[in-house]
Amino acid sequence: MPLDWTAIRDKLPMEKTPDQKAQRMALFKQFDPNGNGYLSLAETDKGIRDTLELDEIFDCKPVIMRAFQAAKGLNDKRGKGSQHGPDYIEKCEFRMLLVYLRQYFEVWQMFDEIDSSDDRRISIDEFKK
């Protein structure tokens, strides 16, 4: 069954508009059940499953791991310092988490089409096809 990319994109408010920022902040609050203002990997994983209801991405753990690793600590890299350390996603990093989830999932899907043997490697024959 083909993926519904429009539905996936609609669930990931990544744009820098006031409306999408409000959606993101509401989404962050749902991801953050204890209200401490930052997300662990487990909270992010649970939020993708329970809040976003994106089973396609939830079932693809390498995408979640890569997106989380890329987004966490971005605040530190900009020189503003992280209140909670570089091991968590803060509100200011949440938009990039959503961007990375979408982008990495797209790449994963393309890779999966090429990797016909499902061994997470691309052989020369698969590459030529």
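Look up a bit, the structure's there.
As a starting point, this report considers the structure included with it. (Residues numbered from 1 in each chain as written. Predicted model: local features only at pLDDT ≥ 70, side-chain atom pairs only at ≥ 80, totals over all residues. Heavy atoms only, no water.)

**Notes on the side chain of Glu-126**
Spelled out, the test is: Per the convention used, a helix needs a DSSP run of H or I reaching at least four residues, while a strand needs a run of E reaching at least two, with both numbered from the N terminus. Residue contacts are counted whenever heavy atoms from the two residues lie within 4.5 Å of one another.
In this structure, Glu-126 sits in helix H8 (residues 124–128). Those residues in contact with Glu-126 that sit more than four places away from it in its chain are Ile-114, Asp-115, Ser-116, Ser-117 and Arg-121.

**Quick notes on the pattern of salt bridges**
Close approach of charged atoms allows side chains with opposite charge to pair. To keep it simple, the criterion reads: One side-chain nitrogen of Lys or Arg within 4 Å of one carboxyl oxygen of Asp or Glu is enough to make a salt bridge. Residue exposure (1.4 Å probe, protein chains only): buried if accessible area is under 20% of the type maximum, exposed if over 50%, otherwise partly exposed.
Evaluated as defined, the whole model comprises seven salt bridges. The residue Arg-9 makes a salt bridge to Glu-15 at a minimum N-O spacing of 2.5 Å. Judged by relative accessible area, which is 35%, Arg-9 ranks as partly exposed. Across the pair Lys-46 and Asp-50 runs a salt bridge, and its minimum N-O distance is 2.6 Å. Placement of the pair is Lys-46 and Asp-50 together in helix H3 (residues 41–50), with a separation of four residues, close to one helical turn. Lys-46 sits in the partly exposed class, given a relative accessible area of 44%. Salt bridges sharing partners connect three or more residues here, namely Lys-46, Arg-49 and Asp-50.

**Some remarks on the layout of surface pockets**
Worth spelling out the cut-off: With a 1 Å grid laid over protein atoms only, a set of points is called a cavity when a 1.4 Å probe fits there but cannot get out and a pocket when it is open yet has protein on both sides within 12 Å along at least five of seven lines; lining residues have an atom within 4 Å of a point. Grid points are joined across faces, edges and corners, and a volume is the space filled by probe spheres set on the points. Just so you know the grouping, Ala, Val, Leu, Ile, Met, Phe, Trp, Tyr, Cys and Pro go in nonpolar, Asp, Glu, Lys and Arg go in charged, and all remaining residues, Gly too, go in polar.
A volume near 160 Å³ is recorded for the second largest pocket. Considering the residues around the second largest pocket, the lining is formed by Pro-62, Val-63, Arg-66, Tyr-104, Val-107, Trp-108, Phe-111 and Arg-120. For the lining of the second largest pocket, the elements supplying multiple residues, two or more each, are helix H5 (61–71) and helix H7 (91–114). Of the residues that constitute the lining of the second largest pocket, the class distribution is six nonpolar, no polar and two charged.

**Notes on a negative patch on the surface**
Rules: Patch membership needs two things, relative accessible area over 30% and no salt bridge, and members are linked within 9 Å if like-charged or within 5 Å if nonpolar (Val, Leu, Ile, Met, Phe, Trp, Tyr). Using a 1.4 Å probe, accessible areas were evaluated by the Shrake-Rupley method; residue-level cover was limited to the displayed protein chains. Lys and Arg are tallied as positive, Asp and Glu as negative. Neither His nor the chain termini are counted. For this purpose, a charge sits on NZ of Lys, CZ of Arg, CG of Asp or CD of Glu.
There is a patch of like negative charges on the surface, built from Asp-4, Asp-10, Glu-53, Asp-55, Glu-56 and Asp-59. With respect to the helices and strands, the residue Asp-59 is situated in the loop between helix H4 (55–58) and H5.

**Quick notes on the packing of helix H2 (residues 18–31) against H7**
Let me state the cut-off plainly: Note on definitions: angles span 0 to 180 degrees between N-to-C directions of axes, and those axes are lines fitted to C-alpha atoms, for helices only across the stretch in contact. Geometric relationships in this document are graded by angle, where less than 35 degrees denotes roughly parallel, more than 145 denotes roughly antiparallel, 65 to 115 denotes roughly perpendicular, and other angles denote oblique.
Running from amino to carboxyl end, H2 crosses H7 at an angle of 100°, the nearest separation of the two axes being 10 Å. One element, H2, and the other, H7, form an angle in the roughly perpendicular class. Residue-level inspection shows Arg-24, Met-25, Leu-27, Phe-28 and Phe-31 of H2 in contact with H7, the latter providing Lys-91, Phe-94, Arg-95 and Leu-98. Along the lines of polarity and charge, the residues of the contact of H2 with H7 split into six nonpolar, no polar and three charged.

**What to know about the environment of Met-65**
Mapped onto the elements, Met-65 comes out in helix H5. For the pair Met-65 and Asp-45, spaced 20 residues apart in the sequence, the C-alpha separation amounts to 9.0 Å.

**Observations concerning the packing of aromatic side chains**
Applied cut-off: Working definition: a ring pair exists when centres of Phe, Tyr or Trp rings (six-membered ring for Trp) sit within 6.5 Å. Plane angles under 30 degrees give stacked, over 60 give edge-to-face, the rest tilted. By the criterion adopted, a ring carries a charge over it if an Arg CZ or a Lys NZ lies within 6 Å of its centre and within 35 degrees of its normal.
All told, the structure shown has six aromatic pairs when counted by the stated rule. Both rings, one in Phe-31 and one in Phe-94, keep their centres 5.3 Å apart while their planes meet at 75°; by these two values the pair is edge-to-face. In this pair, Phe-31 sits in helix H2 while Phe-94 sits in helix H7, placing the two residues 63 residues apart along the sequence. Taken individually, Phe-31 and Phe-94 each receive the classification buried, so the pair is uniform in this respect. Three or more aromatic residues link up through ring pairs in this structure, and these residues are Phe-28, Phe-31 and Phe-94. Positioned above the aromatic ring of Phe-58 is the side chain of Lys-61, whose terminal nitrogen or guanidinium carbon lies 3.4 Å from the ring centre.

None of the figures reported here should be taken as evidence of function without further support.
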